[in-house]
Amino acid sequence: MLVVQKFGGTSVGTIDRIRNVANRVAQAKSEGNDVVVVVSAMAGETNRLIELAKSAVADPDPREMDVLVSTGEQVSSALLSMTLISMGIRARSLQNHQVRLLTDSSFMKAHIKRIDAQKLKAVVKEGSVAIVSGFQGIDEHGDITTLGRGGSDTTAVAIAAAMKPHVKDGLVCEIYTDVDGVYTADPNLVPAARKLKRISFEEMFELASSGSKVLQTRSVLFGMKFDIPIHVRSSFNNSEGTMVVNETLDMESVVVTGISHDKNQAKITVIHVSDTPGIAHSVFAPLAAAEINVDMIIQSASSEGYTDMSFTVPRTDYKQAMQILNGLVEQKKAMRVTGDDKIAKVSLVGVGMRTHAGVAAKMFKTLADARVNIQMISTSEIKISVVINENDLKKTVEVLHKGFTLEK
Ligand code: ADP
Ligand code: ASP
Ligand code: MG
């Protein structure tokens, strides 16, 4: 069996913890498995490097940024590899160019195009453990790229997908992190949150894309597309974690599976734009050109030929988005632009919503009873999201968790 094990920043945060990881890898190897390991940078290291760049220049060049931040993973892969070798286990660290993890050239948020499994296959075949630096790739010009924050999850699942055609006796991708698995809500926010035995790819995708950083969204997409069983578990104990799997029929009997939250959000309203064809395009095209992702768009009912538009953007893009949209006011295409970056988004997710009515009504009643003001609402097939004041975040997630009896 091929076991792909990914260890997050906390799991390789100190030399002691790297020894702990080495023991786990040794265990999987001694059980007769082929093992490929993917490591993150040591806890805090990626943030430290980003701050270092910002202290050097106000607006660091993206290409150089990736050269810088990718070093974190290089350090941890070498440390783990030398620890294993000292234990008498054959191991080899591999960087992006050696794995030939080819991406596009969008620095700091590159997409994986291809992984050349030959090198990994050869290392595994000689009986060595391959220790791959997560988060990083290489583009067609040979430049170093990175996959966006949390990207080592995606490296791991993508490597499992690339190796899948070459394994005959099964494979699993284990994501080792600082919690025991995927919970009904972030256990660091809601102590009553409960660990899920399993969750469908689709639900995990919705949770991840609406703020649950336990898995990077794109790793879930790779898992879904290539049917890779993903086991999310703790590197600090041996308990069973959460299996991310294809949906099964009985999953629909549960209406709400989990609650996600996202504090990295800001709300913008463009006031009094003329309600004519092309106006949405003139609001959103300049944001798209600046690669700012827009979410939860609401256009109010038109009055006397004018309308307002509200939407959310990542908080990190808020200032730039406001600047761009103030251009519309200067061009007299809008009267005013207002914004609020002290908001949070909370989402209920569950495949059972497809077949059960009344989830939204119950959500709104629960929030009304708790005197939480809802600023925006959006729904999709298996998700309902609301925007609230960030000061209400903990209360909101907790009353919803209780209201939908998720602790049971
Ligand atoms: P790693 O460094 O191992 O990649 P991350 O910090 O990226 O770890 O992800 C793990 C964190 O995800 C947890 O510490 C937890 O706070 C957060 N998290 C958010 N939502 C959930 C959830 N539903 N279940 C488990 N953890 C969650
Ligand atoms: N080290 C990178 C980050 O902190 C990638 C990862 O940990 O997955 O975002
Ligand atoms: Mg992570």
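Preceding block: the structure.
Bear in mind the structure is a predicted one, so any value in this text is a computation, not a measurement.

Trainee: Can you tell me about the site of ligand 2, naming the residues and giving the values?
Mentor: Lining the immediate surroundings of ligand 2 are Ser-40, Ala-41, Thr-46, Glu-73, Phe-135, Arg-149, Gly-150, Gly-151 and Ser-152. One nitrogen or oxygen atom from the side chain of Ser-40 is found 3.1 Å from an oxygen atom belonging to ligand 2. Between ligand 2 and Arg-149, the relevant distance is 2.7 Å, taken from an oxygen atom to a side-chain nitrogen or oxygen of the residue. Here ligand 2 loses 86% of its free accessible area of 260 Å² to cover by the protein chains. Taken together, the residues of the shell around ligand 2 sort by class into 2 nonpolar, 5 polar and 2 charged.

Trainee: Before we move on, can you summarise the packing of helix α2 (residues 45-56) against helix α3 (residues 62-69) with the specific residues and values?
Mentor: Helices that pack against each other are described as a pair by the angle of their axes relative to one another and the distance between those axes. In the contact formed by α2 and α3, the axes pass within 10 Å of each other and the chain directions differ by 140°. With respect to α3, the axis of α2 lies oblique. The interaxial crossing formed by α2 with α3 has right-handed handedness. Of the residues in α3, those touching α2 at Thr-46, Leu-49, Ile-50 and Ala-53 are Met-65, Leu-68 and Val-69. For the contact of α2 with α3, a count of residues per class yields 6 nonpolar, 1 polar and no charged.

Trainee: An account of the nonpolar core is needed here, citing residue identities and associated values.
Mentor: One finds Val-36, Leu-120, Ile-159 and Met-204 to be the most contacted residues of the largest nonpolar core, which totals 43 residues. Looking at this core element by element, the count peaks at 8 residues for helix α7 (residues 152-163). The residues contacting Leu-120, other than those within four sequence positions of it, are Val-36, Leu-94, Val-99, Ala-130, Val-132, Ile-159 and Met-163. In terms of nonpolar packing, the next biggest core, distinct from the first, is built from 25 residues, Ala-193, Leu-348, Val-397 and Leu-406 among them.

Trainee: Can you lay out the site of ligand 1 for me, pointing to particular residues and giving the numbers?
Mentor: Neighbouring ligand 1 are 17 residues; Thr-177, Asp-178, Tyr-183, Asp-186 and Asn-188 lie closest to it. Take Gly-9: an N or O atom from its main chain is 3.2 Å from an oxygen atom of ligand 1. Taken together, the residues of the shell around ligand 1 sort by class into 7 nonpolar, 6 polar and 4 charged.

Trainee: Give me the lowdown on the pairing of strand β16 (residues 336-349), citing residues and values where you can.
Mentor: If a strand is regular, its side chains alternate between the two faces of the sheet. Of the pairings in the sheet, the one linking strand β13 (residues 258-274) to β16 comprises 11 bridges and is antiparallel in character. Looking at β16, one finds that Ser-260 is bridged to Ser-347. Direction of pairing for β16 relative to strand β18 (residues 383-389): antiparallel, over a ladder of 7 bridges. The residue of β18 that forms the bridge with Ala-344 is Ile-388.

Trainee: An account of helix α1 (residues 15-30) is needed here, citing residue identities and associated values.
Mentor: Between the first and last C-alpha of α1 there are 22 Å, a value that for 16 residues agrees with the 22 Å anticipated at 1.5 Å per step. For α1, the full list of buried residues reads Ile-18, Val-21, Ala-22, Arg-24, Val-25, Ala-26 and Ala-28. In the core, the buried residues of α1 are packed alongside β1 (2-7), β2 (34-39), α4 (71-86), β6 (129-133), β9 (171-177) and β11 (230-234). With its phi angle positive at about 90°, Gly-32 sits one or two positions after the end of α1.

Trainee: Account for the pattern of salt bridges, with residues named and values stated.
Mentor: Side-chain pairing between opposite charges can occur once the charged atoms of the two side chains come close. If you walk through the whole model with that rule in mind, you get 20 salt bridges. A salt bridge links Arg-48 to Glu-45; the shortest N-O distance between them is 3.0 Å. Here Glu-45 and Arg-48 lie together in helix α2, a separation of 3 residues that amounts to about one turn. Glu-51 is the salt-bridge partner of Lys-54, the closest N and O atoms lying 4.0 Å from each other. Taken together, the residues span about one helical turn, with Lys-54 and Glu-51 both in helix α2 at a distance of 3 residues. Under the relative-accessibility criterion, Glu-51 is labelled partly exposed at 47%. Salt bridges sharing partners connect three or more residues here, namely Glu-202, Glu-247, Arg-354 and Glu-381.

Trainee: So what about the packing of α3 against α4? Which residues, and what values?
Mentor: In the contact formed by α3 and α4, the axes pass within 4 Å of each other and the chain directions differ by 20°. Put simply, α3 runs roughly parallel to α4. Touching Val-67, Leu-68 and Val-69 of α3 are Thr-71, Gly-72 and Glu-73, all from α4. Looking at the contact of α3 with α4 residue by residue, the classes come out as 3 nonpolar, 2 polar and 1 charged.

Trainee: Residues and numbers for the sheet that holds β13, please.
Mentor: Reading across the sheet, the 6 strands line up as β14-β15-β13-β16-β18-β17 and stay open at both edges, with antiparallel pairing between neighbours. Each end of this open sheet is capped by a strand with a single partner; those strands are β14 (295-299) and β17 (376-380). For this sheet the average axis-to-axis angle between neighbouring strands, irrespective of direction, equals 25°. Strand contacts of helix α10 (residues 279-289): β13, β14 and β15 (306-314), with the helix running at about 25° to β15, the strand carrying the most contacts. Relative to the sheet, helix α12 (residues 359-369) contacts β16, β17 and β18, its axis offset from that of β18 by approximately 20°.

Trainee: Just give me the short version of the packing of aromatic side chains, but keep the residues and values in it.
Mentor: Taken as a whole, this structure holds 3 aromatic pairs when the rule is applied. The interplanar angle of 15° and the centroid separation of 4.7 Å between the aromatic rings of Phe-7 and Tyr-176 together place this pair among those described as stacked. In this pair, Phe-7 is assigned in strand β1 and Tyr-176 in strand β9, connecting sequence segments 169 residues apart. In this structure Tyr-176 comes out as buried when scored by relative accessible area, which is 2%. Seen from their ring centres, Phe-284 and Phe-311 are 4.9 Å apart, and the 70° between their planes marks the pair as edge-to-face. Placement of the pair is Phe-284 in helix α10 and Phe-311 in strand β15, with a sequence separation of 27 residues. By relative accessible area, Phe-311 is classed as buried at 0%.

Calculation notes
Residues numbered from 1 in each chain as written. Chains lettered and ligands numbered in written order. Predicted model: local features only at pLDDT ≥ 70, side-chain atom pairs only at ≥ 80, totals over all residues. Heavy atoms only, no water. Near = heavy atom within 4 Å. Polar contact = N/O pair within 3.5 Å; in protein donor to acceptor, adjacent residues only side chain to side chain. Areas by Shrake-Rupley, 256 points an atom, 1.4 Å probe, with all protein chains shown as cover. Nonpolar A, V, L, I, M, F, W, Y, C, P; charged D, E, K, R; others polar. Axes fitted to C-alpha atoms, helices over the stretch in contact; angles between N-to-C directions. Helix = DSSP H or I, 4+ residues; strand = E, 2+ residues; numbered from the N terminus. Parallel < 35°, antiparallel > 145°, perpendicular 65-115°, else oblique. Left-handed = near helix turned anticlockwise from the far one by under 90°. Contact = heavy atoms within 4.5 Å. Core = buried A, V, L, I, M, F, W, Y, C linked by side-chain atoms within 4.5 Å. Buried < 20%, exposed > 50% of the residue type's maximum accessible area, 1.4 Å probe, protein only. Pairing = 2+ DSSP bridges. Expected span 1.5 Å × (residues − 1). Salt bridge = Lys/Arg side-chain N within 4 Å of Asp/Glu carboxyl O. Phe/Tyr/Trp six-rings, centres within 6.5 Å; stacked < 30°, edge-to-face > 60°.

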